[in-house]
Amino acid sequence: MLRFTILGSGSSGNCAYLETDHVRLLVDAGFSAKQIDLRLAGIGRSLADVQAIFVTHEHSDHVCGLPVIARRHNIPIHCNRLTAEYLHPQMPSFSRWHLFESGATVELADLKVNSFSVPHDAYDPVGFMFHHALGNIGFLTDLGYATRLVIERVRQARALVLEANHDLRLLQEDTKRPWAVKQRILSRHGHLSNDAAADVAAEVVTDQMEDLYLGHLSADCNSPRRALDTVSRKLQETGRAFARLHSTAPDKPCDTLAWD
Ligand SMILES: [Zn+2]
Ligand SMILES: [Zn+2]
């Protein structure tokens, strides 16, 4: 069996829970330990059950819960060397680092975890594809644009979390963000817009994909409706409307996906 729950996703925090017959893990820990524990309790689990945490990159919306979780629960952290070097000073006594090379595939119980590099303004950011006998789950957020490599890596997903960060017009019209911040978001090492997400979806959604989660939505420069409409329209136009589309939110978990 496999159970997958996005505990929250957005520019203010990201964390997901994945469970198989043999392993229970988190992808990122971008909420407080208390908040993650509370959301796990909602699905009958707790941080005490978690056996591994996979980290995409060191930005605080992906790792802010790690120092406390590491201190209290001592759960092994799987990440690449540059990410670990950044995190280590915040948790100097923690030693259960499981380092992988970006691009490599590591085995963990009944999962094969493939990481792949993404273009984003972090030390060594990666996406993940979790390969399981029942189907593969992909994570593709925090990237400025989709390289050929990432398209190839997530193409076999049965479920995929895909970034749809901002609506281009809302970002341009936004008055809170200085010009330099907007340039960073829009750059090739920033974040995928709804339109860019729609283009990626048109390339990676096949009839094998059942669930497509739009992740990492900006609270000010996007809305679930805009993101869903943009991606759904593109999938209709390209004859690829196979997958169920879901939006995600930072403050509320998604329904659990269950494969048996
Ligand atoms: Zn992020
Ligand atoms: Zn980031």
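All values derive from a computational prediction rather than experimental measurement.

Once that is clear, we can look at the coordination of the zinc ion (ligand 1). Taken together, the protein donors to the zinc ion (ligand 1) comprise Asp61 (OD), His62 (NE2), Asp142 (OD) and His216 (NE2), at separations of 2.0 to 2.2 Å. Every donor counted, the 4 donor atoms about the zinc ion (ligand 1) form angles of 90 to 168° at the centre, which fits irregular coordination. Mapping the donors of the zinc ion (ligand 1) onto the primary sequence gives the spacing D-H-x79-D-x73-H. Here the zinc ion (ligand 1) and the zinc ion (ligand 2) are spaced 3.4 Å apart, with Asp142 acting as a shared donor. One end of the pair, Asp61, is in helix α2 (residues 60–63); the other, Asp142, is in the loop between β10 (137–140) and α5 (148–154), with 81 residues separating them in the sequence. Asp142 shares its class with Asp61; the two are buried.

Once that is clear, we can look at the sheet that holds strand β5 (residues 77–79). With respect to topology, 7 strands assemble into an open sheet ordered β6-β5-β4-β3-β2-β1-β14, the strand pairing being mixed. Where the open sheet ends on each side, the last strands, each with one partner, are β6 (97–99) and β14 (257–259). With strand direction ignored, the average angle separating the axes of adjacent strands in the sheet is 20°. Where strand β3 (residues 24–27) meets strand β4 (residues 52–54), 3 bridges bridge the pair, whose relative direction is parallel.

By size, the foremost hydrophobic cluster in this structure holds 28 residues, and its most contacted members are Leu140, Leu160, Leu162, Met209, Leu212, Leu214 and Val231. Every element with two or more residues in this core is listed here: α5, β11 (159–163), α8 (194–204), β12 (211–215) and α9 (224–237). The element best represented in this core is α8, accounting for 5 residues. The residues touching Leu140, leaving out its near neighbours within four places in the chain, are Phe116, Val118, Val150, Val154, Leu160, Val161, Leu162, Glu163 and Val200.

This paragraph deals with the coordination of the zinc ion (ligand 2). Coordination of the zinc ion (ligand 2) by the protein is provided by His57 (NE2), His59 (ND1), His120 (NE2) and Asp142 (OD), with metal-donor distances spanning 2.2 to 2.4 Å. Around the zinc ion (ligand 2), the 4 donor atoms are arranged such that angles at the metal cover 89 to 170°; this shape is classified as irregular.

Within the secondary structure layout, Ser46 lies in the loop between α1 (33–41) and β4. Take Ser46: its relative accessible area is 24%, and that puts it in the partly exposed class. Other than its neighbours up to four places away in sequence, Ser46 contacts Asp37 and Leu40.

We now examine the pattern of salt bridges. Between side chains of opposite charge, a pair can form when the charged atoms approach closely. According to the stated counting rule, one finds 18 salt bridges in the structure shown. Glu85 serves as the salt-bridge partner of Arg81, at 2.8 Å between the closest nitrogen and oxygen. Of this pair, Arg81 and Glu85 both sit in helix α4 (residues 81–87), 4 residues apart, which is roughly one turn of that helix. For Glu85, a relative accessible area of 46% gives the class partly exposed. The salt bridge partner of Arg184 is Asp121, with a shortest N-O separation of 2.3 Å. Here Asp121 lies in the loop between β8 (111–117) and β9 (126–131) and Arg184 lies in helix α7 (residues 179–186), a separation of 63 residues in the sequence. Looking at Arg184, the relative accessible area reads 34%, which means it is partly exposed. By relative accessible area, which is 31% here, Asp121 ends up partly exposed. Here the salt bridges share partners, and the residues they tie into one network are Glu19, Arg24, Arg45 and Asp49.

Within β11, 5 of the 5 residues are buried, leaving the element largely enclosed by the surrounding structure. Burial of the side chains of β11 extends over both faces: Ala159, Val161 and Glu163 are buried on one face and Leu160 and Leu162 on the other. Inspection of the sheet shows β10 paired to β11 by 4 bridges, in the parallel sense. Note on β11: the bridge partner recorded for Phe139 is Val161. As defined by bridge partners, β11 adjoins β12 across 5 bridges and the pair is classed as parallel. Across the sheet, the residue bridging to Val161 is Tyr213, located in β12.

What counts, and where the lines are drawn
Residues numbered from 1 in each chain as written. Chains lettered and ligands numbered in written order. Predicted model: local features only at pLDDT ≥ 70, side-chain atom pairs only at ≥ 80, totals over all residues. Heavy atoms only, no water. Donors = N, O, S within 2.8 Å, 3.2 Å for Na, K, Ca; no water. Tetrahedral: all angles 85-135°; square planar, octahedral: opposite > 155°, others 65-115°. Helix = DSSP H or I, 4+ residues; strand = E, 2+ residues; numbered from the N terminus. Buried < 20%, exposed > 50% of the residue type's maximum accessible area, 1.4 Å probe, protein only. Pairing = 2+ DSSP bridges. Axes fitted to C-alpha atoms, helices over the stretch in contact; angles between N-to-C directions. Core = buried A, V, L, I, M, F, W, Y, C linked by side-chain atoms within 4.5 Å. Contact = heavy atoms within 4.5 Å. Salt bridge = Lys/Arg side-chain N within 4 Å of Asp/Glu carboxyl O.

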